[in-house]
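One letter stands for each residue in the lines below.
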Amino acid sequence: MKTRLMRSSVQVLLAVGFASLAVPCSAQCREWQVNVGHSGLESASINALAVYDEGSGARLFAGGKLKIAGSPFLVARWDGASWAPIDNFTGSYVGSYVQSLCVFDDGVQPVLVASGKFVTSGATPSRYIAAWDGTTWKGLGTGLDGVAWAMCTFDDGTGPALYAAGHFIDAGAANAFRIAKWDGTTWSYLGSPAPGGGMVYALCAFDDGTGPALYAGGGFHHLGGVAANRIARFDGSSWSAVGTGLFEGPVRCMTILNNGTGPAIYAGGSFEVPGALRWVGVAIWN
């Protein structure tokens, strides 16, 4: 296995930022659509997108800092024609935001999990993380003591669980050291020291041929007590390095794509791939 620089073009369906949100159009479309995506939004700073089915079909959900009909909201739903808020976060919105979204089956039903700077969702006390079941928000135990920058579902052999990584130390009653596991009932940590040298910004699950594993990307140079530059692999019991890793800048995002030669991890950020040009932006681990 090796890491290589991606030189082909990248096709994307959605772009998020302070000014615009583009939505997919027909297969013949070769332009971004902006005005449609803004329908119902007066202003928006969108940090996360997720597709979730509340029971009436899959819908696009956005999290961040939104304003709809003159009121601030943190999460909204796009029905194909307009945006509508789904959250009822109480208290002051000054400084509040949603940073990440993830769909997770908590053993009862799939839920949309949101993490960000908030302490209450609906009538439920929720420290920095909450789950939307299509009707109401609920807390995940006693929550986190900081924002999860990334979330991912992964089965380590004991059943599917939600993994969260970010700027927190405590997850529920566990000292989680910036990476924590929620099994639908309780929080636990991964039995490893905190990331050394930087944060974890991205998570994804991937089977590299030796079995499913959780991959973490960020700005760290150590994770779980092992040397790992910007990216590391967790097999359910211990962490290991991913090749020689990446250097200089952090990994900010990761996803899985099969481009015809087999599934691979695509990592994005501002890093250097060994033996390639600096600041390549996107690299592939196959």
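Residues numbered from 1 in each chain as written. Predicted model: local features only at pLDDT ≥ 70, side-chain atom pairs only at ≥ 80, totals over all residues. Heavy atoms only, no water.

(A) Highlighting the pairing of strand β10 (residues 129-132). Neither face of β10 is left uncovered, since the one carrying Ile-129 and Ala-131 and the one carrying Ala-130 and Trp-132 both have all their residues buried. Relative to β10, strand β7 (residues 110-117) runs antiparallel, the two sharing four bridges. For Leu-112, the partnering residue across the bridge sits in β10 and is Trp-132. As judged from the three bridges shared by β10 and strand β11 (residues 137-139), these two strands associate in the antiparallel manner. Counted as the bridge partner of Ala-130 is Gly-139 from β11. (Buried < 20%, exposed > 50% of the residue type's maximum accessible area, 1.4 Å probe, protein only. Helix = DSSP H or I, 4+ residues; strand = E, 2+ residues; numbered from the N terminus. Pairing = 2+ DSSP bridges.)

(B) Expanded view of the pattern of salt bridges. On inspection of all chains with the given rule, the structure shows three salt bridges. Taking the shortest distance from any N to any O, the salt bridge between Arg-77 and Glu-54 comes out at 2.7 Å. Here the residue Arg-77 occupies a position in strand β4 (residues 71-78), and Glu-54 occupies one in the loop between β2 (43-53) and β3 (58-68), the gap between them amounting to 23 residues. Looking at Glu-54, the relative accessible area reads 23%, which means it is partly exposed. Arg-233 is the partner of Asp-208 in a salt bridge, and the nearest nitrogen-oxygen pair spans 3.1 Å. In this pair, Asp-208 sits in the loop between β18 (200-207) and β19 (212-218) while Arg-233 sits in strand β22 (residues 231-234), placing the two residues 25 residues apart along the sequence. With a relative accessible area of 12%, Arg-233 lands in the buried category. (Salt bridge = Lys/Arg side-chain N within 4 Å of Asp/Glu carboxyl O.)

(C) View of the sheet that holds β22. The strand order across the open sheet built from four strands is β18-β19-β22-β23, with neighbouring strands paired in antiparallel fashion. What marks the edges here is a single partner per strand, and that holds for β18 and β23 (239-241). Adjacent strand axes in the sheet meet at a mean angle of 30 degrees when their direction is disregarded. With seven bridges connecting them, β18 and β19 associate as antiparallel partners. Directly across from Leu-203, in β19, lies its bridge partner Ala-216. (Axes fitted to C-alpha atoms, helices over the stretch in contact; angles between N-to-C directions.)

(D) Quick look at unusual backbone geometry. For Tyr-128, which is not glycine, the phi torsion reads 65 degrees and is therefore positive. Tracing the chain through its elements places Tyr-128 in the loop between β9 (124-125) and β10. Unusually for a residue other than glycine, Arg-230 sits at a positive phi of about 70 degrees. With respect to the secondary-structure elements, Arg-230 resides in the loop between β21 (226-227) and β22. A relative accessible area of 14% means that Arg-230 is categorised as buried.

(E) Focus on the sheet that holds β2. Across the sheet, four strands lie side by side as β2-β3-β4-β5; this open sheet has antiparallel pairing. Since the sheet does not close on itself, it has two edges, and those belong to β2 and β5 (83-85), each with one partner. Along the sheet, successive strands turn relative to each other by an average axial angle of 30 degrees, direction set aside. Both β2 and β3 contribute to a ladder of 10 bridges, which runs antiparallel. Bridged to Ala-44 within β3 is Leu-66.

(F) Representation of the confidence of the model for the chain. Per-chain confidence: the chain averages 79 in pLDDT, with 77% of residues scoring 70 or above. This model gives residues 1-27 a pLDDT under 50, and the stretch forms 64 contacts once residues within four places in sequence are excluded. (pLDDT = per-residue confidence, 0-100. Contact = heavy atoms within 4.5 Å.)

(G) Quick peek at the side chain of Asp-133. Here Asp-133 is to be found in the loop between β10 and β11. Of the side chains bearing the opposite charge, Lys-138 lies closest to the buried Asp-133, which forms no salt bridge; the N-O distance is 5.3 Å. A polar contact is formed between the side chain of Asp-133 and the backbone nitrogen of Thr-135, at a distance of 2.8 Å. A polar contact is formed between the side chain of Asp-133 and the backbone nitrogen of Thr-136, at a distance of 2.8 Å. (Lys, Arg positive; Asp, Glu negative; His and termini not counted. Polar contact = N/O pair within 3.5 Å; in protein donor to acceptor, adjacent residues only side chain to side chain.)

(H) Region of the structure containing the packing of aromatic side chains. By the definition in use, this model includes eight aromatic pairs. For the ring pair Trp-149 and Tyr-201, a centre distance of 5.9 Å and an interplane angle of 85 degrees mean the geometry is edge-to-face. Taken together, the positions of Trp-149 in strand β12 (residues 148-155) and Tyr-201 in strand β18 put the pair 52 residues apart, joining distant regions of the chain. A relative accessible area of 35% means that Trp-149 is categorised as partly exposed. In this arrangement the basic side chain of Arg-252 is found over the ring face of Tyr-201, its NZ or CZ atom lying 4.3 Å from the centre. (Phe/Tyr/Trp six-rings, centres within 6.5 Å; stacked < 30°, edge-to-face > 60°. Lys NZ or Arg CZ within 6 Å of the ring centre and 35° of its normal.)

(I) A look at the environment of Trp-78. Note that Trp-78 resides in strand β4. When its relative accessible area of 8% is taken as the criterion, Trp-78 is described as buried.

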